[in-house]
Amino acid sequence: MAPLAIRLSGVVKRYGPIIAVDGLDLLVPEGSCVGLLGPNGAGKSTTMKLLTAQAIADEGELEVLGYRLPGESKQARALCGVVPQLDNLDTTLTVEQNLVVFAHLYRIGRGERRTAVERALGIANLTDRRDTRVDKLSGGMRRRLLIARALVHRPRMVLMDEPTVGLDPQVRQELWALIDGLRAQGVTILMSTHYIEEAERLADSVTIMSRGRAVAVGRPGDLIAEHAGREVVEVYGPPPRLAEVEAESALAGLRTRRTGTSVAVLSPGGFNGATPDGHRRAANLEDVFVLLTGEEIA
Amino acid sequence: MTTAPARLREPTRRLRRLERPALAGVLVREMINFSSYWRSTTFSSTVEPTIYLLAFGFGFGSLVSTVGGYPYVEFVGTGTVATAVLFSSAFPAMFGTFVKYQFQRTYDAILAAPVDTEELVTAEAMWMAARAGTYGCAPLLVAMIFGLDPSWGMLTVPLIGVLAGFGWACFGITISAHMKSIENFNYVISAVLTPLFLVAGTFFPIDELPEWAQVLAQLNPLYHCVELVRDAVFGWEGWADVLHVGVLVAFGLLTWRLAVRGMARKLID
């Protein structure tokens, strides 16, 4: 196993009576891309805040890149980049000025600052927009700038909190390519998301979170194979028919889940030798998630 | 494996409190931002106290020729320095801080870098203090146009502005850290800043006020700023000025710690 870039053990974070993170264990090997998958309120963003010491855990142990948090958080933050869920760029500054500010905040020396900014502009494909004010950029460009800002000091690890939330599919694909490029360079990535496809495409390993806990950990393919099988049949029909399919599946020892106007039957090969009529598709992480938590992902 | 191996740790020194690179980073951000709005800020920070100076200096000045042995326009001109310092430190600290943490989430971005709350608050207050020291000189320059004689002591006025401005900036940050909405600043402006502004000896000497008001004035940092500026311009008063400096230093230290504490509670969950 590679050395650990992140180690959380029994971490608890409470906000009054609400337990946002409830005994979370999380291991992120160096050089890997780990996805934190869960619906809104699962504790993903709180976990991200704990990792930058913008939230302090009530219980448990946290280590980032070998530094204990919160006491040594500043050292850890010097080696990390953070892409926040909510845009917090300086909107009256230009693209380049935003990067220059963070080159200073990340203590890049005077002699290297120019190169670092150019490199970050290049990664985010924003070189041509360097003199554009941020409030004149599109949503996708602003997201790319947020990523460039997090990379300006060549961090060893990047924390991405819902990096593509609210973006249209085309822009999302562009960002996936950017994130995939980082992954290929060996940068450790911890990425929270509630997009199933994002986690499946980018993450080496996924931690499924629900109500502040990790309910499953593993490679996306392994989790799907273990919990949902290879295939799913979605049966559409009126409510009495769906109830009938659920009852028959239960008798056959198969698991089902309601997906809006249909019932998804998992591993339908064992359906008393017969296969229910419906739309066949490959099982996915969403099936796993719903089976494990009883919640819809988004 | 239960712990991350030591080799992951960079062979760097332990980062300490109030590090220069962290303070510089926050100051650079402010300076770059300032380049986009300096005209409007400079206009309001200099024109407003100048209008006070002209209105009171020449309005009341036509009724009152001298106060405390000084021509009234010079008395007000020196007093208005403290007003300019207050306007260019406490007000931007209150509103600017609130906007940056509540709406722009700027502080979330900065605190994700190797900067802690103490460094963030200190650098922000230093920046506003520097601005206060600069803008505080505007009324003095206007008063010189209207007859105030230059003196060597005037060279210390920017420093007095920086010292008082740091305290007022930290005061503003502290208020901002405890407010739930921007409208609540009206309570502070009406109930705290306006009375302090009026009982500071800016427009009239406090020894004409009732005794209780004179006692309150002694607790008012703005009064000590006014007195210090007047003494710098018209002639030092020895230990009295040491006391004024002492009050401003104590005010700055107290509000600095309150601001750091308040913002840490606001920004760190």
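Residues numbered from 1 in each chain as written. Chains lettered and ligands numbered in written order. Predicted model: local features only at pLDDT ≥ 70, side-chain atom pairs only at ≥ 80, totals over all residues.

(A) The arrangement of the overall build of chain B in detail. For chain B, the count of helices and strands is 11 helices and 2 strands. Mapped in sequence order, the helices and strands of chain B form the string α-β-β-α-α-α-α-α-α-α-α-α-α. In summary, chain B has a C-alpha radius of gyration of 21 Å against a globular reference of 18 Å for 269 residues, a match within 12%. For chain B, the spread of C-alpha atoms along the principal axes amounts to about 85 × 40 × 40 Å. Each of the 269 residues in chain B was classed as buried or not, and the buried ones make up 46%. (Helix = DSSP H or I, 4+ residues; strand = E, 2+ residues; numbered from the N terminus. Rg over C-alpha atoms; globule rule 2.2 N^0.38 Å. Buried ≥ 20, exposed ≤ 12 C-beta atoms within 10 Å, placed from the backbone.)

(B) Spotlight on the confidence of the model for chain B. All names here are of chain B. The share of residues in chain B with pLDDT of 70 or more is 95%, and the mean pLDDT across the chain is 89. Confidence over residues 1-7 falls short of pLDDT 50; this stretch has 13 contacts with residues more than four positions distant or in other chains. Taken together, the chains of this predicted complex give a pTM of 0.88 and an interface ipTM of 0.86. (pLDDT = per-residue confidence, 0-100. Contact = placed C-beta atoms within 7 Å.)

(C) Summary view of the interface of chain A and chain B. Taken together, the contact pairs 34 residues of chain A with 33 residues of chain B. Mapped onto the side of chain A that touches chain B, the elements with two or more residues apiece are β1 (4-15), α2 (73-78) and α3 (95-105) of chain A. Looking at which element gives the most residues to the side of chain A that touches chain B, the answer is α3 of chain A, with 6 residues. Residues of the side of chain A that touches chain B, tallied by class, amount to 18 nonpolar, 8 polar and 8 charged. (Nonpolar A, V, L, I, M, F, W, Y, C, P; charged D, E, K, R; others polar.)

(D) Just the environment of R17 of chain B, in detail. Residue and element names in this part refer to chain B. In this structure, R17 sits in the segment before α1 (20-59). Here R17 falls in the exposed class, since 10 other C-beta atoms lie within 10 Å of it. In this structure, the C-alpha to C-alpha distance between R17 and E119, residues 102 residues apart in sequence, is 7.5 Å.

(E) A look at α3 of chain A. Burial of α3 of chain A is extensive: 10 of the 11 residues sit out of reach of the surface. Within α3 of chain A, burial applies to V95, Q97, N98, L99, V100, V101, F102, A103, H104 and L105 of chain A. The elements touched by buried residues of α3 of chain A are α4 (110-123) and α5 (139-151) of chain A together with α1 and α4 (106-111) of chain B. R107 of chain A sits one or two residues past α3 of chain A and shows a positive phi near 65°.

(F) Representation of the packing of helix α8 (residues 220-227) of chain A against helix α10 (residues 285-293) of chain A. Residues and elements named next belong to chain A. Interhelical geometry of α8 versus α10 gives an angle of 55° and a closest axis separation of 9 Å. Judged by the inter-axis angle, α8 sits oblique to α10. Crossing geometry of α8 relative to α10 is assigned as left-handed. Between α8 and α10, the residues in contact are P220, L223, I224 and H227 and L285, V288, L291 and L292, respectively. Here the residues of the contact of α8 with α10 sort into 7 nonpolar, 1 polar and no charged. (Axes fitted to C-alpha atoms, helices over the stretch in contact; angles between N-to-C directions. Parallel < 35°, antiparallel > 145°, perpendicular 65-115°, else oblique. Left-handed = near helix turned anticlockwise from the far one by under 90°.)

(G) Region of the structure containing the sheet that holds strand β11 (residues 231-236) of chain A. All names here are of chain A. With respect to topology, 4 strands assemble into an open sheet ordered β12-β13-β11-β14, the strand pairing being antiparallel. Each edge of the sheet is formed by a strand with only one pairing partner; in this case those strands are β12 (256-259) and β14 (279-282). Looking at each pair of strands side by side, their axes are set apart by 30° on average, direction ignored. By the bridge criterion, 4 bridges tie β11 to β14 in an arrangement that is antiparallel. Note on β14: the bridge partner recorded for V232 is R281. This element, α10, spans β11, β12 and β13 (262-266) of the sheet and lies at about 110° to β12. (Pairing = 2+ DSSP bridges.)

(H) View of the packing of α1 of chain B against helix α2 (residues 72-87) of chain B. Residues and elements named next belong to chain B. Interaxial distance between α1 and α2 falls to 9 Å at its minimum, and their mutual angle equals 150°. In terms of axis orientation, α1 runs roughly antiparallel to α2. Relative to α2, the crossing made by α1 is right-handed. Across from S45, E48, P49, Y52, L53, F56, G57 and F58 in α1, the residues of α2 making contact are Y72, V73, V76, G77, T80, T83, A84 and F87. Residue composition of the contact of α1 with α2, grouped by class: 10 nonpolar, 5 polar and 1 charged.

(I) Quick look at the sheet that holds strand β6 (residues 80-83) of chain A. Residues and elements named next belong to chain A. Read across the sheet, 6 strands follow the order β6-β7-β8-β3-β9-β10 without closing on themselves; strand pairing throughout is mixed. Of all the strands in the sheet, the pair left with one neighbour each is β6 and β10 (213-218). Each adjacent strand pair in this sheet contributes to an overall mean axis angle of 15°, direction not counted. Sheet topology note: the β6/strand β7 (residues 157-161) ladder contains 4 bridges and is parallel. When the sheet's bridge partners are listed, C80 is paired in β7 with M157. Sheet strands touched by helix α1 (residues 44-51): β3 (33-37), β7, β8 (188-193) and β9 (205-210). Its angle to β7, the strand with the most contacts, is close to 145°. The sheet strands contacting α10 are β3, β9 and β10, and the helix crosses β9 at an angle near 35°.

(J) Structural detail: unusual backbone geometry. All names here are of chain A. Here the residue pair L69 and P70 is connected by a cis peptide bond, since its omega of 0° sits within 30 degrees of zero. Within the fold, P70 resides in the loop between β5 (67-69) and α2. For A53, which is not glycine, the phi dihedral falls at a positive 60°. One can find A53 in the loop between α1 and β4 (59-64). For A53, a count of 23 C-beta atoms within 10 Å puts it in the buried group.

(K) Layout of the pairing of β8 of chain A. All names here are of chain A. Of all 6 residues in β8, 6 are buried; the element is thus mostly enclosed. In terms of strand pairing, β3 meets β8 through 5 bridges, oriented parallel. Looking at the pairing, G35 lines up with M191 of β8. One ladder, built from 5 bridges, connects β7 with β8; its direction is parallel. Within β8, the position partnered with V158 by the bridge is I189. Once the chain exits β7 it traverses helix α6 (residues 169-184) before rejoining the sheet at β8, and the crossover so formed is right-handed. (Right-handed = clockwise from strand over helix to strand, strands pointing away.)

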